[in-house]
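Residue-level listing of the chains:
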There are 4 protein chains.
Amino acid sequence: MSTLTLHDAQNVMAAAAKRADEVGQPVNIAVVDAGGNLRAHIRQDGAWIGSVDIAIKKAWTSRAFDIQTRDLGENAQPTQQFYGIHGTNDGKVIIFAGGVPLRRGDAVIGGLGVSGGSGEQNQTIAEAGLAVLQEFA
Amino acid sequence: MSTLTLHDAQNVMAAAAKRADEVGQPVNIAVVDAGGNLRAHIRQDGAWIGSVDIAIKKAWTSRAFDIQTRDLGENAQPTQQFYGIHGTNDGKVIIFAGGVPLRRGDAVIGGLGVSGGSGEQNQTIAEAGLAVLQEFA
Amino acid sequence: MSTLTLHDAQNVMAAAAKRADEVGQPVNIAVVDAGGNLRAHIRQDGAWIGSVDIAIKKAWTSRAFDIQTRDLGENAQPTQQFYGIHGTNDGKVIIFAGGVPLRRGDAVIGGLGVSGGSGEQNQTIAEAGLAVLQEFA
Amino acid sequence: MSTLTLHDAQNVMAAAAKRADEVGQPVNIAVVDAGGNLRAHIRQDGAWIGSVDIAIKKAWTSRAFDIQTRDLGENAQPTQQFYGIHGTNDGKVIIFAGGVPLRRGDAVIGGLGVSGGSGEQNQTIAEAGLAVLQEFA
């Protein structure tokens, strides 16, 4: 499997940060590798301190289950098939929008997490980030 | 950004405590600074020991996300955009009424948390506290 | 057993704070009641944020074992009879100077913790605090 | 107090990363702000995954106590005045070399943590980072 380098992580984060600037919403941005371990993180000026943890955990979640956290969330509501999953893995599972798997070709090589805006803002910022690796795969 | 001093914290807490006395409901009152770190805390005579932790975490939450915990709670219900946020940040996120950001001018310089009464009681006590800094801003 | 009131706690903390000012060392000061639960806390301007936790835990430790943390520490060094005790109680046990039991008459009614200075500074500040209850017992 | 910006954090980290490359030792590098909250982190290619946590906690520790972790470590050995401090603050206190406070003028505005090499390597890499803010203060 192709490995996610620090250079990859920083390119992904730069694209996400650029989109956050366009949206006008400061955020936390985090990238983990295929092992779910943190590669890089930034907190933009003015972004919430409570979102540091959430951005890192969104990145972890999206790699841990190879799924966008928004999609996992739909299955994690009361009465749905994965309800309660947010209490597993020592609280590392996030079930709202902003986390996306990072792919090169068909392989998931990491995860990207964005936190600090609304669900929609976080999602669009994360999508700007993941596009970087997919374009140059 | 203007710093929240211990003197500020004690003024805020005195106003909240006075309101708690008027309401007739003993509570825990806590103030954190802009970094989310505890500045001061009191547990009034007769207030719950289980509310020490909650008051401190309400203060933290309201600064960590620059939002009243009551309002965060509305966005954290099942099917809402931040459902599951109460499980993040090692359990420090409180999603019911009683936490409010402390502002001087436009800047959030800390957070105030009140716990021990009903949601309405905690809210009115917290509002009495935050008014102190806003009046003299 | 005579109960430690918030008024008591605040008198103890005021005396400790006054001594800290004389020493010229800003500190965190915390008081717990007979149940080991936090009654009040202040972080003086300029005091370390890492000492919030330590001051509270010193107060708890000194009540939990009815002993000054300095004295407990002597028994908690490698090869001594309580070596390893700092890993018990979920890490709440502090084994260096600055925590003292609070007594009224013969009864231990709480604990006081001071953190932010050297061991000697914390000890003298804590002693100024505990003297308040003993004088008026 | 002058605030540490993301731009500051990234300049500090770039200087530390450059020194790590010269030393030939890949490391984790983390920066926190004055409140002890994470501003940015990188894990260089080949650096230990077990050092992510340590780098972040070294940065926190050096700000939480306004001291280099190497110096704190000397006071935290058995029989010394702060022995046991590494068990406080929920295990966030690191007592070996690699964490340094970040200053602008006289004010501590954050902390820098480096982990992945020997104590000496981490220290020299951290020193290259902190010099950035001091030069342009």
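What you see is a predicted model; the values in this text were computed from it and never measured.

Chemist: Which parts of the structure should I look at to understand the relation of the copies chain C and chain D?
Modeler: Turning one copy of the chain about an axis and sliding it along that axis gives the other copy, so a rotation and a shift relate them. Note on the copies: chain C fits chain D at an RMSD of 0.1 Å, the axial shift is 0.4 Å, and the rotation between them is 89°. Interpreted geometrically, this transformation is the action of a four-fold axis. Comparing interface residues between copies, only 16% of those in chain C also sit at the interface in chain D, which points to a heterologous contact through distinct surfaces.

Chemist: Help me understand the interface of chain B and chain A, please; the structure alone is not making it clear to me.
Modeler: For an interface, size is often stated in terms of accessible area lost upon the parts coming together. The interface is formed by 20 residues belonging to chain B together with 19 residues belonging to chain A. Roughly 1400 Å² is buried in total at the junction of chain B and chain A, and carbon and sulfur atoms are behind 61% of that figure. Considering only the surface of chain B that becomes buried against chain A, Phe65(B), Phe82(B) and Tyr83(B) emerge as the three largest contributors, covering 37% of it. Here the residues of the side of chain B that touches chain A are counted per class, giving 8 nonpolar, 9 polar and 3 charged.

Chemist: Is there a simple way to explain the pairing of strand 1 (residues 28–33) of chain C in this structure?
Modeler: Residues and elements named next belong to chain C. Of all 6 residues that make up strand 1, 6 are buried, and the element is covered over most of its length. Neither face of strand 1 is open: one carries Asn28, Ala30 and Val32, the other Ile29, Val31 and Asp33, and all of them are buried. Taken together, the 5 bridges between strand 1 and strand 2 (residues 38–43) define a ladder with antiparallel strand orientation. By the bridge assignment for strand 2, isoleucine 29 is matched with isoleucine 42. A loop of 4 residues connects strand 1 with strand 2, the two strands running antiparallel in sequence, and glycine 36 in this loop sits at a positive phi of about 80°. Judged from the 6 bridges that link them, strand 1 and strand 4 (residues 107–115) form a sheet pairing that is antiparallel. Across the sheet, the residue bridging to asparagine 28 is serine 115, located in strand 4.

Chemist: Is there a simple way to explain the relation of the copies chain B and chain A in this structure?
Modeler: Note on the copies: chain B fits chain A at an RMSD of 0.1 Å, the axial shift is 0.5 Å, and the rotation between them is 89°. When the interface residues of chain B are mapped onto chain A, a mere 15% of them are again interface residues, pointing to distinct binding faces.

Chemist: So what exactly am I meant to see when it comes to the packing of aromatic side chains here?
Modeler: For any pair of aromatic rings, the description consists of the separation of the ring centres together with the inter-plane angle of the planes. This model, assessed by the stated rule, comprises 7 aromatic pairs over all chains. Ring centres of Trp48(C) and Phe65(D) lie 5.5 Å apart, and the angle between their planes is 85°; on these two criteria the pair is classed as edge-to-face. Here Phe65(D) lies in the loop between helix 2 (51–64) and helix 3 (69–74) and Trp48(C) lies in the loop between strand 2 and helix 2 (51–64), a pairing that spans two chains. Trp48(C) sits in the partly exposed class, given a relative accessible area of 23%. Each ring, one from Phe96(C) and one from Phe82(D), has its centre 5.7 Å from the other, and the planes form 70°; the classification is edge-to-face. Taken together, the residues span two chains, with Phe96(C) in the loop between helix 3 (69–74) and strand 3 (99–104) and Phe82(D) in the loop between helix 3 and strand 3 (99–104). Like Phe82(D), Phe96(C) is buried.

Chemist: Explain the pattern of salt bridges to me, please; I cannot follow it from the model alone.
Modeler: Side-chain pairs of opposite charge can arise where the charged atoms are in close proximity. For the structure shown, the criterion picks out 32 salt bridges over all chains. Between Asp53(A) and Lys57(A) there is a salt bridge; the shortest N-O distance is 3.1 Å. Taken together, the positions of Asp53(A) and Lys57(A), both in helix 2 (residues 51–64) and 4 residues apart, correspond to about one turn of that helix. Comparing Asp53(A) with Lys57(A) shows no difference in burial state: the two are buried. One salt bridge in this structure joins Asp8(D) and Arg104(D), with 3.1 Å as the shortest N-O distance. Taken as a pair, Asp8(D) in helix 1 (residues 6–23) and Arg104(D) in strand 3 lie far apart in primary sequence, 96 residues in all.

What counts and how
Residues numbered from 1 in each chain as written. Chains lettered and ligands numbered in written order. Predicted model: local features only at pLDDT ≥ 70, side-chain atom pairs only at ≥ 80, totals over all residues. Heavy atoms only, no water. Least-squares fit on C-alpha atoms with pLDDT ≥ 70 in both. Contact = heavy atoms within 4.5 Å. Buried area = accessible area lost by both parts, 1.4 Å probe. Nonpolar A, V, L, I, M, F, W, Y, C, P; charged D, E, K, R; others polar. Buried < 20%, exposed > 50% of the residue type's maximum accessible area, 1.4 Å probe, protein only. Helix = DSSP H or I, 4+ residues; strand = E, 2+ residues; numbered from the N terminus. Pairing = 2+ DSSP bridges. Phe/Tyr/Trp six-rings, centres within 6.5 Å; stacked < 30°, edge-to-face > 60°. Salt bridge = Lys/Arg side-chain N within 4 Å of Asp/Glu carboxyl O.

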